[in-house]
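Architecture at a glance
Listed below are the residues making up each chain.
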Amino acid sequence: MSGKTRYKTRRSFGATAPPFLDYLKDILRRYPDGGQILKELIQNADDAHATEVIFIHDERSYGTESLWSAKLGQYQGPALYAYNNAAFTEDDWKRIQMAGRSGKINDPNKIGRFGIGFNSVYHITDVPSIFSSGHLGLMDPQEEIFGDKGFRWFLDEPEDQEALLTMHDQFQPYRDIVSVVGKQEWSTIIEDQYFSGTLFRFPLRNKASEISDNLYDSDKVVELFDSFIADADLSLLFLKSVSSVSLIHISQDGTINTRLEIKSSEPTDILLKHKDESDVEGLTRIKLITLNSEDQKKTQWLLTTCTMKEGKAPNLDDLAKKLSFLPRVDLAFPLGEQRDCGQGRLSCFLPLPNNESNKTGLPVYVNACFGLTDNRRHIKWQEEDQKHDEHALWNELLVKKVLPQAYVKIIQDAIKLCQQSALPVSSVYSLWPDVTQMQHKDKWFNVAVDVFHHLLNGNMAVLSLARDETQFIPLSEAVIPCNGPTRAETLSAIKRTLVSCRENLVSLPATVIGAIETFKLTNPQDVNPCFIREVLHRSGVDNISEEDKLCILEYILSDGKYKDLQGLQLLPLSDGSFRTFTKKEEDTALIDNKEFPRTLLPYCNHLFIPHDLSSTCRNHLEELAKLELPVPDSIIQCATEADRRLLKLLKVNLLGPDEVGIILIDSIKNGTSSSQETQNIMTWILQHGDILFSQNQSLKSKCKELRFIEVKRELKRAADFLNPTVKAFKMIFESDVFPPPVYTESSQMLKNLIDLGLINKEADLTPEHVLYATTLIEKHKVNSEREALKRAQVLLEMLDGCNLLSKFSDEQLDRLKMMKWIPCDQPGTEQQNRFDKSTKSCFFSSEEIRHTMYEDIVGEVMPLMGKLSDRVNTKLGLKRLPPPEKVIENLSVLKSAVQDMDDPDTNVDFKRKLHSIYGHMQQNISEFGELMNKEPDWLWANDQFVSPCDLVLNYPQDLDLSSYIGKVPTEFLPFKKLLQKCGLRTALSNEEIVVILHSIQQNIEARELPFATSGEVKVSIEILNWLWKTKHRVKGDIPVPVITEDEQFTLRPQSEALLCDVNKNKLKELQFSEEKMYLLHEEIPIATAEWLKIRFLSNYILAPELIGIEQCGQSEPITTRIKNILKEYDEDGDIFKELIQNAEDAGADACKFLLDFREHKDPPESLIDPDMALCQGPCLWAFNNERFTDDDWKNIVRVGSASKENKVEKIGKFGLGFNTVYHVTDVPSILSDNKLLILDPNVTHLKKHIQQKEVLWGYSTTFS
């Protein structure tokens, strides 16, 4: 094993998949044994669009001689079979081999095709097999039979066909069962090479195996069938395709017995489709379930399917796509059966186990594509340990968003069927939830409440009229029957009376009346004595029988409001007639008692009330007879017209009613009247106030100032109270601000109270009234948040509609602002739960709330209110600037939220909020100075929040530093003033830019492996190029990016770097030095490298210290000097003469010239300088057979200094004349002995080797 392999093995770490058998055992632990197994197989059949499913328990055993393998013999005994009439597709054959990976993952129309649930069959068997379409497959997870996990026979392969026909024992079980289901002959199947159905065979486990020790005998299969039969009538309710399920038993002797056959059908004559503009679309129909067992049983079900339309609930749409679920709910209700009204259960296409958690308490059965627990026995909910489980959230949304609407639809469609006489009205009301059945079932109780709010608080016609049960009206138009301890005869009389008077009396069971009383938001008309009296006043009593009149009389007397009887002909007499309740003498009726028996007036017997009148009714009439005004003793009351005439004859001053009223008012004011007397007096005055006040304004004035209404032992004026009939008053105040009911019994009394100052308009409320209403809201929010919310909304509307706040003093306004009574959604609710938009209102003070105009700035941390007028907003201070600390807090919430965003830069809401916050901070910059120190990283740049101190406003021109230091995004440049205040640098100085290089180098050197990242290399190159372009001189040995011997990048001082100017492939050949070489990064241009004075590699290789190369040349302006010499030697032939002279002076005896027209096209990297490529073409060679001396080498570079001046025997060795060679070349070279000299006066061909161009212009090297 190599070192690298050992290192990898030792470092390898991570989870591994469990062995398949362990995985299978885990599935069996989670999936229960029992009827659920059959349900899983039915679900798979339904997904395959099968219409028929048959389960067969075959107790027969088959031969073991002709088998594919002798090991299959133990599986030839009793077995459970499952047949359906849909054939396997190729996808099905693939999926059934993928244990635990449901095929429905991307298909919301599939219940669970061969998912984890199918593996529950291993409770029964070790070797399941499948016969379908063109294959017969046998699965062997233990790998004991085939040496693999299974085997498959192909019906279209000759070898397999022969086996299927000849191995009788092996395949006889399939032949027999195919015959039982009666679909195809075995020979025909083999001939057609296709079986148009699916047959599962599960040999019963008769001994413990590695999969399970659960042994299955005939008794257990019977239990399996029994557990399915218990829910058999529910099994076909919600399936899309399967309409028939049978359970068959085959005994050991081959006797076939059908234990159960259940079928479903849908009559086409009853079909209601929903095409309205609601949020859901759906269908309602009747489904007939026929169950044939020992007895035949037929059940009709009303079935409604509702699907949420796309776009109506975005959070539901998102999850539906993510989970591949359908946002659909089905509801089923049994018709014509007396079942427990709270029997409803949950289904996920097939009924879930009949345990408490799956019972809803609703009268309907609920089905949906629920997210289930692993064992498919329970629905997931958002409990403490799975608040973020998407399946649990899906279930919550289905129940909150879709189920209530589906429930309303099934009731509406039941009403339509009732109107068509297809359903009795009792079935309609049986559909209504009964909340008494939902103890400790809060989730389903909330569904019921939602349904009631839909049914009872709109214009939905859901209540049937007593006079015609096929006619339905909304609650707002209905008259609700009595639901109290009233006698049955009286209730019947009331019903007959109201029906005869054409009143909208509805016929309701007690549970529906209870729901109306509990969940109504509007106040429907209830049947009460007052209402009956009003009806009788309108319609009269002529059509009412004598018996009903007596019952009605007793009922309308029961509330003691006798004055409202005036004008009703219901006063019974002994002769069976009825007189009218008036004060007319002719309408007088007599009541006898012990002191005044009717026998005293034998001729007036017909004027007495009936002697057999009920005691209750008689007692009320006696009380009525005693009522009279409590006038002082000094005033004589006229009982009859005769009394009046007598007093006139006696010249007694007769007082008018208004004058009597003033006397009575004075007696109240003086305290001589008792509480009861005061009540009687004021009741009389209020009843007749329209006449009394018009006759005597003084009486009206006295009544206005009179404190006659007693509340909590304190007497108050009428102006101290509110009109109880004003709906808004009734909703936000309690009874202590309204007059006692005795003073508001009739509209006339109420009108006169208003004349006396009773507050009748919302605009007349005082600040104290408003403050009192807010205290009531604060009190109610503790015990009844719904009630508090209702009150608060009404009060807000009142403040918005009336200019009540203008009446407030500053002190009162401050009190109002401090009280927590304004309902708002909790701030940040959307961020906390992105799928569930239903929010719970809380109550806040106006100090804690801001206007929705600040939503983007503080919407995550402060409650918002935007529906009020500017006038109210100003008074409550809602448009004040949000506190700066709240703005910073909101920014912190956004920072947290960005972690859950897929692409924040494309999130419009996120960007809008940032712009709003930054703009607000800039406008109020003085408020945010110190706060920003607490939250330094608040500016969004480069996919993260950073501090403005970490960015610059601009990069230097043509220098991109984005990989090292961020730049303020263009979109946030309008907030430059704010950013600079918070530490943003306008630009980096040149020195700071160079410091970047040094800091990069330090970072690299601090690492365990001192290598640069690609970003560090990139920014280093950018900086160096920028320094070259700007010609900014840098002091010191700055770092530059180089490549190491390990082919990694790092930064080294420029003095150590080398510019590679040779072929990289030959580098190894050139590495003759023991020192490390750092080659400059190849992306740095040569111009930049030269400006930085980076040494060329070739120059380094040819360095004098290594192989004796030295620089040479003149210390004068060379080109000018040569030009002048050439003017002196202006003949072309002078070159040969001069070279011959030099050879002669050197002592040579031979001199040769060669004109060479060859061109050498060597690659540039093979030259000592790439510019030498121009010198590789045709040339003139000059040779002599004498070597250069040291003096010759010195003299050759001394332009114009003739060496013969002290040696008369020399003609002119290397004097001025040698320079005639420049007539034909710019780069002459001399090779002699072990030295090569190349002259380049123009410094154009050897510039990378000539370091001092001003004084040196040649290059020489010595060969060893």
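Let me sum up the structure you'll find in this document. From a predicted model like this one, the values you see are computed outputs, not experimental measurements. (Residues numbered from 1 in each chain as written. Predicted model: local features only at pLDDT ≥ 70, side-chain atom pairs only at ≥ 80, totals over all residues. Heavy atoms only, no water.)

**Structural notes on a nonpolar patch on the surface**
- A surface patch of nonpolar side chains, amounting to about 670 Å² of accessible area, comprises Phe1136, Ile1140, Phe1153, Leu1155, Phe1157, Leu1180 and Val1224.
- Put simply, the parts of the chain that give the nonpolar patch at least two residues each are helix H42 (1134-1145) and strand E38 (1151-1156).
- With respect to the helices, strands and loops of the structure, leucine 1155 is situated in strand E38. (Patch = residues over 30% accessible without salt bridge, like charges linked within 9 Å, V, L, I, M, F, W, Y side chains within 5 Å. Areas by Shrake-Rupley, 256 points an atom, 1.4 Å probe, with all protein chains shown as cover. Salt bridge = Lys/Arg side-chain N within 4 Å of Asp/Glu carboxyl O. Helix = DSSP H or I, 4+ residues; strand = E, 2+ residues; numbered from the N terminus.)

**Digging into the packing of helix H14 (residues 488-500) against helix H16 (residues 529-539)**
- Remark: H14 packs on H16, axes separated minimally by 11 Å, with the N-to-C direction vectors making an angle of 40°. Judged on the interaxial angle alone, H16 and H14 are oblique. In the crossing of H14 with H16, the sense of the turn from one axis to the other is left-handed. Seen from H14, the contacting residues are Ile494, Thr497 and Leu498; seen from H16, they are Phe531, Ile532, Val535 and Leu536.
- When the residues that make up the contact of H14 with H16 are grouped by side-chain class, the tally is 6 nonpolar, 1 polar and no charged. (Axes fitted to C-alpha atoms, helices over the stretch in contact; angles between N-to-C directions. Parallel < 35°, antiparallel > 145°, perpendicular 65-115°, else oblique. Left-handed = near helix turned anticlockwise from the far one by under 90°. Contact = heavy atoms within 4.5 Å. Nonpolar A, V, L, I, M, F, W, Y, C, P; charged D, E, K, R; others polar.)

**Points about the environment of leucine 988**
- Note that leucine 988 resides in the loop between helix H34 (976-981) and helix H35 (990-1005).
- Once residues within four sequence positions are removed from consideration, leucine 988 is found in contact with Val952, Pro956, Leu961, Ile965, Ile993 and Ile996.

**Here's the deal with the nonpolar core**
- Among the nonpolar cores identified, the biggest contains 127 residues, and Phe55, Trp432 and Leu463 are the most heavily contacted of them.
- No other element matches the 16 residues that helix H11 (residues 390-419) contributes to this core.
- Setting aside anything within four residues of it in sequence, one finds phenylalanine 55 in contact with Leu38, Leu41, Ile42, Tyr81, Ala82, Phe225, Val245, Ser246, Leu247 and Ile248.
- If you look at the next biggest cluster of nonpolar residues, it comprises 40 residues, including Ala788, Leu805, Leu816 and Ile822. (Core = buried A, V, L, I, M, F, W, Y, C linked by side-chain atoms within 4.5 Å. Buried < 20%, exposed > 50% of the residue type's maximum accessible area, 1.4 Å probe, protein only.)

**Structural notes on a negative patch on the surface**
- Residues Asp33, Asp217, Asp219 and Glu223 make up a contiguous surface patch of negative charge.
- Structurally, aspartate 217 can be placed in the loop between strand E6 (195-203) and helix H8 (218-229). (Lys, Arg positive; Asp, Glu negative; His and termini not counted. Charge placed at Lys NZ, Arg CZ, Asp CG, Glu CD.)

**A look at the packing of aromatic side chains**
- A complete count under the given rule lists 35 aromatic pairs for this structure.
- Consider the rings of phenylalanine 171 and tyrosine 174, whose centres lie 6.4 Å apart with planes at 45°: the pair is tilted. Taken together, the residues phenylalanine 171 and tyrosine 174, both in helix H6 (residues 168-181) and 3 residues apart, mark about one turn of the helix.
- Exposure remark for phenylalanine 171: the relative accessible area of 1% places this residue in the buried category.
- In textbook terms, an aromatic cluster arises when at least three aromatic residues are bridged by ring pairs, as seen for Trp68, Tyr83, Phe131, Phe146, Phe151, Trp153, Phe171, Tyr174, Trp186 and Phe195.
- The side chain of lysine 549 reaches across the aromatic face of phenylalanine 578, ending 4.9 Å from its centre. (Phe/Tyr/Trp six-rings, centres within 6.5 Å; stacked < 30°, edge-to-face > 60°. Lys NZ or Arg CZ within 6 Å of the ring centre and 35° of its normal.)

**A word on helix H23 (residues 697-705)**
- Among all positions of H23, only Leu699, Lys700 and Cys703 are buried. The buried residues of H23 occupy an angular sector of 100° when projected down its axis, which confines them to one face.
- Packing partners of the buried residues in H23 comprise helix H20 (657-669), helix H21 (675-687), helix H22 (689-695) and helix H25 (747-755).
- In this structure asparagine 696 caps H23, since a side-chain oxygen of it lies 3.0 Å from the backbone nitrogen of serine 698. (Arc of directions from axis to C-beta. Polar contact = N/O pair within 3.5 Å; in protein donor to acceptor, adjacent residues only side chain to side chain.)

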